[in-house]
Amino acid sequence: MSDRREFRDLAPPERAREVVEDLAIDPDPERVPLSDARGRVLAERVDATLDVPGFDRASMDGYAVRAADTVGASEVDPVELSVAGAVHAGEEPDVTVREGVAAEISTGAVMPPGADAVVIVERTDETEAGVAVRTAVTPGENVLVAGADIAAGARALGPGTELTAREIGLLSALGVDSVPVRGRPRVGIISTGDELVRPGEPVDSDAGEIYDVNSYTVAAGVEAAGGEPVVYPHAGDDFEEMERVLHEAADDCDLVLSSGSTSASAVDVIYRVIEERGDLRLHGVAIKPGKPMLVGTIGESAYVGLPGYPVSALTIFRTFVAPRLRSAAGLAEPRTATVTGEMAVRERSQDGRHRLVPVGLVETATGETLVYPVDKGSGATTSLVEADGTVTVDADTDYLAVGEHVEVRLFSPSVRPPTLLGVGEADPRLSELLDRLERPRYLPVGTREATRRLEAGIPDVAVVSGPDAVPEAATVLGSWEREWGLIVDPQAAVSGLDDLVDSDVGFVNREQGSGLRASFDAALDALAADRGEEPATIRHAVDGYELTTKGHESPARRVRSGAADAGLGLASTAVDLDLGFVPLGTETVTVLAHPDRTEKPSVERLRELLETDTE
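Here the structure is a predicted model, which means the values were calculated and not measured.

K.L.:
Looking at this model, I keep getting lost on the overall build of the chain. Mind explaining?
P.N.:
Scanning the chain from terminus to terminus reveals 15 helices and 36 strands. The C-alpha atoms of the chain give 35 Å as radius of gyration, which overshoots the globular expectation for 615 residues (25 Å, by more than 25%). Seen along its three principal axes, the alpha-carbon backbone of the chain occupies a region of about 115 × 70 × 50 Å. Sorting the 615 residues of the chain into buried and exposed places 50% on the buried side.

What follows is the structure in structure tokens.
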């Protein structure tokens, strides 16, 4: 019998929060140079040890005077004073202002002895005898007296103050070169799994290897939450190696975060490390995504095990770990950024778990916000950027109805809906058009799904191709032609569809629902008709017909790697990848707009670009 660890008693989210909050990860305060203090939190009060400014100084360019000498001065009856000299910023005055005397002065300069006010230069005129003052001033006018900004002994900043550019400016004015701040929790980050490879290193997809996503996304999240991330070398699924890395991290960090190896699998060993060497306090939480979650300790260090799938890992981190890190670093909870919108489609929820549904936002032509689910699975890293936030769905909610108002918790206050939401075919020319728009979002879901979503009222535009691709209830913005056919190894003996059917040729197809696949199927059906055979027979004869790929370049890349002799693709792709090409036809790529969104500025801009490029 295999040794499997099942999640039987899933903790409710509230209990998981309590367990994480109880983790001891608060570091000791430290002193840092002022140059490194931005974003840190003061651990102690800072008092002013000197006056700011430290001297009476002019706040305007003009003349330093005795206010009593300007009494009665006006535009029609100015007072004339002699000028003893000039005082500039950064120098000690070498003149004295006596009765009937003024001194020219620059902004920021020390007030000379005897002067108690400044007349701005615009209210004076130079004369042969000195200066004519055309306005009366009062003592202290246009003068910043010593300590007016902050006086010595005053409370400058209190503990718990987050240091931004403003506070650093004040500390600089006080001559402070280092400050006592709350410590940043040191967080060890370990990604587990034999299949993981660090970005920048070669990956063997045939062996099931994938790039390590979690180390870098979690490290970025730790830093944003006030922690100090420490990324440790990748650990596989070997018990002894994983134990060694976990203990190394625990000896050096306040908190250890691992991702992966927390699910119910015979190769997942982290839970055994925690049980045998530490204290396992929680194993599993009733939330989706993110059920696999461990919380405990390893020696003196706290430990949280995150799920392996990137979306799940980041969801658990944001929901439970980030708030605890901010608390330990002394940072306030960020201002909650939420928007309210209407569900564009029905979203079912029947698994009895608290759900955080990733959603995207799109605005209508009238500025209303529509909300649509972005559910590509926890393993899809593109969900991290295609979604704008989450909608919370309670465990006892069966579904969210079309038109139902929901609150979306944005991933950050800076999140904005895309100016244009497009779906449909992937195409090199389309990519160039999108580059010329401001903040578009495009989801390459294929023609069939694009048509369905457009009819459901979700996207602004849908890009379709293939036979009979244009639905009636849509507005055509523009179109272009693209050449398609077989992308082949230059050494392969493939000259047309007949070779796919009659010869031993390995082929890679596109997924059902893409316009290119529809054009290819139509060509095979025409070949079957010419031969007097059933379409199913012809398709069955193609070696690899059922071997489908999603990306428009994927078949070509299979060919280039030697995994196939031919693949379905575009002429432009063959040129880009330096492969052979057998043309089979052309198809029209059409850009469709939702009828109610044609006046949206981004849609109008796309129409203009299409018309310009067509001319």
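K.L.:
I'm lost on the sheet that holds strand β13 (residues 186-191) in this one. Help?
P.N.:
Consider a sheet: its strands pair through backbone hydrogen bonds, and that pairing is either parallel or antiparallel. Taken in spatial order, the 6 strands of this open sheet run β16-β13-β17-β21-β20-β18, and their pairing is mixed. Both edges of this open sheet fall to β16 (228-231) and β18 (278-283), since each of them pairs with a single strand only. Here the strands of the sheet are splayed against their neighbours by 20 degrees on average, with no regard to which way each runs. Alignment of strand β17 (residues 255-259) against strand β21 (residues 301-306), held across 5 bridges, turns out to be parallel. Note that in β21 the partner of Ser259 across the bridge is Leu306.

K.L.:
Quick question: what am I supposed to make of unusual backbone geometry here?
P.N.:
Glycine aside, negative phi is the norm for most residues, and most peptide bonds take the trans geometry. A cis amide bond links Val52 with the next residue in sequence, Pro53, at an omega value of -5 degrees. Along the polypeptide, Pro53 turns up in the loop between β2 (46-47) and β3 (57-58). Despite not being glycine, Arg439 has its phi angle at roughly 50 degrees, a positive value. Structurally, Arg439 can be placed in the loop between α8 (428-435) and β30 (440-443). What makes Arg439 partly exposed here is its relative accessible area of 42%.

K.L.:
Any chance you could explain the pairing of strand β5 (residues 79-87) here in plain terms?
P.N.:
Looking down a regular strand, the side chains alternate between one sheet face and the other. Relative to strand β9 (residues 131-133), β5 is paired through 3 bridges, and the arrangement is antiparallel. Residue pairing in the sheet places Glu80 in a bridge with Ala132 of β9. Note: β5 against strand β6 (residues 101-105), 4 bridges, orientation parallel. When the bridges of β6 are listed, Val83 appears paired with Ala102.

K.L.:
So what exactly am I meant to see when it comes to the pairing of β17 here?
P.N.:
Counting buried residues in β17 gives 5 out of 5 residues, a clear majority hidden from the surface. Neither face of β17 is exposed, since Leu255, Leu257 and Ser259 on one face and Val256 and Ser258 on the opposite face are all buried. Sheet topology note: the β13/β17 ladder contains 5 bridges and is parallel. Directly across from Val187, in β17, lies its bridge partner Leu255.

K.L.:
Even after reading the chapter, I still don't get the nonpolar core, so can you show me in this structure?
P.N.:
Side chains of nonpolar character tend, in soluble globular proteins, to be buried together. Formed by 31 residues in total, the largest nonpolar core has its most connected members in Leu255, Leu257, Met293, Phe317 and Leu325. Elements with a contribution of two residues or more to this core: α1 (13-21), β13, α3 (214-224), β17, β21 and α6 (310-329). Among the elements that take part in this core, α6 stands out by supplying 8 residues, more than any other. One finds Val494, Leu497, Leu524 and Leu568 within the second-largest nonpolar core, a separate group that totals 22 residues.

K.L.:
Would you mind showing me how to read the pattern of salt bridges here?
P.N.:
Pairs can form between side chains of opposite charge whenever their charged atoms are close. Under the criterion given, the structure shown has 30 salt bridges. Across the pair Glu75 and Arg123 runs a salt bridge, and its minimum N-O distance is 3.1 Å. Of this pair, Glu75 sits in the loop between β4 (62-65) and β5 while Arg123 sits in the loop between β7 (117-120) and β8 (124-126); the two residues are 48 residues apart in sequence, bridging distant segments of the chain. Glu75 gets classed as partly exposed once you look at its relative accessible area, which sits at 46%. Here Arg123 falls in the partly exposed class, since its relative accessible area comes to 30%.

K.L.:
Looking at this model, I keep getting lost on helix α5 (residues 270-277). Mind explaining?
P.N.:
The periodicity of an α-helix, 3.6 residues per turn, causes residues three or four positions apart to be oriented the same way. Among all positions in α5, only Ile270, Tyr271, Val273 and Ile274 are buried. Relative to the axis of α5, the buried residues are bounded by an arc of 160 degrees and lie together on one face.

Calculation rules
- Residues numbered from 1 in each chain as written.
- Predicted model: local features only at pLDDT ≥ 70, side-chain atom pairs only at ≥ 80, totals over all residues.
- Heavy atoms only, no water.
- Helix = DSSP H or I, 4+ residues; strand = E, 2+ residues; numbered from the N terminus.
- Rg over C-alpha atoms; globule rule 2.2 N^0.38 Å.
- Buried < 20%, exposed > 50% of the residue type's maximum accessible area, 1.4 Å probe, protein only.
- Pairing = 2+ DSSP bridges.
- Axes fitted to C-alpha atoms, helices over the stretch in contact; angles between N-to-C directions.
- Core = buried A, V, L, I, M, F, W, Y, C linked by side-chain atoms within 4.5 Å.
- Salt bridge = Lys/Arg side-chain N within 4 Å of Asp/Glu carboxyl O.
- Arc of directions from axis to C-beta.

Shape is all these values report; function is a separate question.
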